[in-house]
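Structural features, examined
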Amino acid sequence: MSGVKLLTVSADEGEQRLDKWFKRRFPQISQGHVEKMCRTGQVRIDSARAKASDRVAPGMVIRVPPLPDTEAPSRPAEGRVSAADTKMIQNAVLWKDEHIIILNKPAGLPSQGGSGQGDRHVDGLTEALKFGYKERPKLVHRLDKDTSGVLMLARTDRVARALSEALRNHHTRKIYWALVAGVPNPRQGSVKYGLMKAPGHGRGGEGEKMQCVHPAKMADYPDAKRAHTDFFTLWFLGTRMSWMALEPITGRTHQLRAHMAELGHPIIGDGKYGGSATENLGDGWGAGLGGEVSRKLHLHARSLTMQHPITKAMLTFTAPLPDHMAKTWKLLDWKENDVPADPFEFRK
């Protein structure tokens, strides 16, 4: 494509991430190329500089610089997913029908490509999840690389738009399980600290970290976004650690990790927000327990409740713990069935 183009997002395209919009309009363009064009200011949304993760909506005007006619794809080409990865990602399927696929995403596998994520990610493995369809299923939300659990994909554009709207309007519910340092006091409640990007993260977003802003000071930080997490202590061991249920009412980057660290009870294995030390840090402890407890992040998207976009049936999907958390639970003699599936029912 020669020359700069100003393209308007159509009503049929709906709301989506800028990089996803690019890939659908220009499938020959790699993720890395999109991010480079954003970093250098060549791509703009309504004349403003943009990031690949920014969301676009119908009516917005995207500045598109000259693009090559062909480019090496950033994700595996047709038929190039290895046999081992095909088996791994298909074994991760919790449920599927002709409209949606629900995965139990393994810890350590990124949801999408991007800065520092490499070429192996869920979005790049969706070739193995077509199950007879011509098109790959589409991610409608994300989990952090080191977070495991329920991840939703749509098998058609129509369903992707419906699920994205449900997520945006808070018509889905997600409950996470986490092992945290210390024991919160009170043992149930809400965290409503705003979140904003900390200064000094990498040029391409690598090393991104969020910092909390007290609700009373939100007006002092225009870049801060309101965030809300409900928490409930399911079990605890002395004063050293707790099994938590966490429900993100909003969906900000690293929200659960930053909020628990702000409470003084970082998630075990979270070196970014909780440090690696075992000493007491204020109300809680550091994010490293040592001994036989894995140093991996102990955060798991345990369940997702949603209305099926086509049948309108209410569905709840539950993901078993990943191996490293299951090992910790066994060490502590905690059983998955010993706690309520939805400890937040008291709000109803």
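Each value, and the rule that gives it
- Residues numbered from 1 in each chain as written.
- Predicted model: local features only at pLDDT ≥ 70, side-chain atom pairs only at ≥ 80, totals over all residues.
- Heavy atoms only, no water.
- Helix = DSSP H or I, 4+ residues; strand = E, 2+ residues; numbered from the N terminus.
- Buried < 20%, exposed > 50% of the residue type's maximum accessible area, 1.4 Å probe, protein only.
- Contact = heavy atoms within 4.5 Å.
- Pairing = 2+ DSSP bridges.
- Axes fitted to C-alpha atoms, helices over the stretch in contact; angles between N-to-C directions.
- Phe/Tyr/Trp six-rings, centres within 6.5 Å; stacked < 30°, edge-to-face > 60°.
- Lys NZ or Arg CZ within 6 Å of the ring centre and 35° of its normal.
- Arc of directions from axis to C-beta.
- Polar contact = N/O pair within 3.5 Å; in protein donor to acceptor, adjacent residues only side chain to side chain.
- Parallel < 35°, antiparallel > 145°, perpendicular 65-115°, else oblique.
- Left-handed = near helix turned anticlockwise from the far one by under 90°.
- Core = buried A, V, L, I, M, F, W, Y, C linked by side-chain atoms within 4.5 Å.
- Salt bridge = Lys/Arg side-chain N within 4 Å of Asp/Glu carboxyl O.

Across its full length, the protein chain holds seven helices and 20 strands. Burial statistics for the protein chain: of 348 residues in total, 48% are counted as buried. The long-range fraction of contacts in the protein chain, counting pairs at least 24 apart against all pairs at least 6 apart in sequence, stands at 65%.

In space, the four strands of this open sheet follow the order E1-E6-E3-E4, with antiparallel pairing throughout. Both outer strands of the open sheet, strand E1 (5-8) and strand E4 (48-49), are each paired with one neighbouring strand and no more. Here E1 pairs with strand E6 (residues 61-64) via four bridges, running antiparallel. For Thr 8, the partnering residue across the bridge sits in E6 and is Val 61. Of the strands in this sheet, E1, strand E3 (44-45) and E6 are in contact with helix H1 (residues 18-25), which crosses E6 at around 65°.

Here the structure, examined in full by the defined rule, presents nine aromatic pairs. An aromatic cluster is defined as three or more aromatic residues linked by ring pairs; in this entry it consists of Trp 177, Trp 243, Trp 329 and Trp 334. Lying across the ring of Phe 131, Lys 96 places its NZ or CZ 4.6 Å from the centre. The lysine or arginine in question, Arg 155, covers the ring of Tyr 133, its NZ or CZ lying 3.9 Å from the ring centre.

With that out of the way, let us pick up helix H7 (residues 323-331). Within an α-helix, residues lying three or four positions from one another point in the same direction, as the helix has 3.6 residues per turn. Taken together, the buried positions of H7 are occupied by His 324, Met 325, Thr 328 and Trp 329. For H7, the arc enclosing every buried residue in end-on projection is 140°, short of the 170-degree limit, so these residues lie on one face. Of the residues in H7, the exposed ones pointing more than 90 degrees away from the buried face are Asp 323, Lys 327 and Lys 330. Residues of H7 that are buried make contact with strand E11 (173-181), strand E16 (241-248) and strand E19 (299-307). Where H7 ends, the next residue or the one after it, Asp 333, has phi of about 60°, a positive value.

Right, let's talk about the side chain of Thr 250 for a bit. With respect to the helices and strands, Thr 250 occurs in the loop between E16 and helix H5 (255-262). A distance of 2.9 Å separates a polar atom in the side chain of Thr 250 from the backbone nitrogen of His 228. A polar side-chain atom of Thr 250 sits 2.8 Å from a polar atom in the side chain of Gln 255. In this structure Thr 250 touches His 170, Arg 226, Ala 227, His 228 and Gln 255, once residues within four positions along its chain are discounted.

The next point concerns the packing of H1 against helix H2 (residues 31-39). Viewed as axis vectors pointing N to C, H1 and H2 meet at an angle of 125°, and their least axial separation amounts to 10 Å. By the angle between their directions, the pair H1 and H2 is classed as oblique. Crossing handedness for the pair H1 and H2: right-handed. Contact residues: Leu 18, Asp 19, Phe 22 and Lys 23 in H1; Gln 31, Val 34, Met 37 and Cys 38 in H2.

A few words now on the environment of Ala 52. Looking at the element boundaries, Ala 52 is found in the loop between E4 and strand E5 (55-56). Overall, the relative accessible area of 9% leaves Ala 52 in the buried class. Beyond its immediate stretch of four places on either side in the chain, Ala 52 contacts Arg 17, Leu 18, Asp 19, Gln 31, Val 34, Glu 35 and Cys 38.

Our focus in this paragraph is the nonpolar core. One finds Ile 89, Leu 103, Leu 129, Tyr 176, Leu 246, Ile 267 and Leu 299 to be the most contacted residues of the largest nonpolar core, which totals 28 residues. Sorting the residues of this core by element identifies strand E8 (100-105), strand E10 (148-154), E11, E16, H5 and E19 as the ones contributing at least two each. Of the residues forming this core, the biggest block, three residues, is contributed by E11. Once residues within four sequence positions are removed from consideration, Leu 299 is found in contact with Asp 146, Thr 147, Ser 148, Tyr 176, Trp 177, Ala 178, Leu 246, Leu 256, Arg 257, Ile 267 and Met 325.

This part takes up the pattern of salt bridges. Pairing between side chains of opposite charge can happen when the charged atoms of each approach one another. Per the counting criterion, the structure on display carries 14 salt bridges. Between Arg 302 and Glu 336 there is a salt bridge; the shortest N-O distance is 2.8 Å. Placement of Arg 302 in strand E19 and of Glu 336 in the segment after H7 is noted, with a sequence separation of 34 residues between them. The exposure class of Arg 302 is buried, given its relative accessible area of 11%. The network of salt bridges with shared partners includes Glu 15, Arg 55 and Arg 168.

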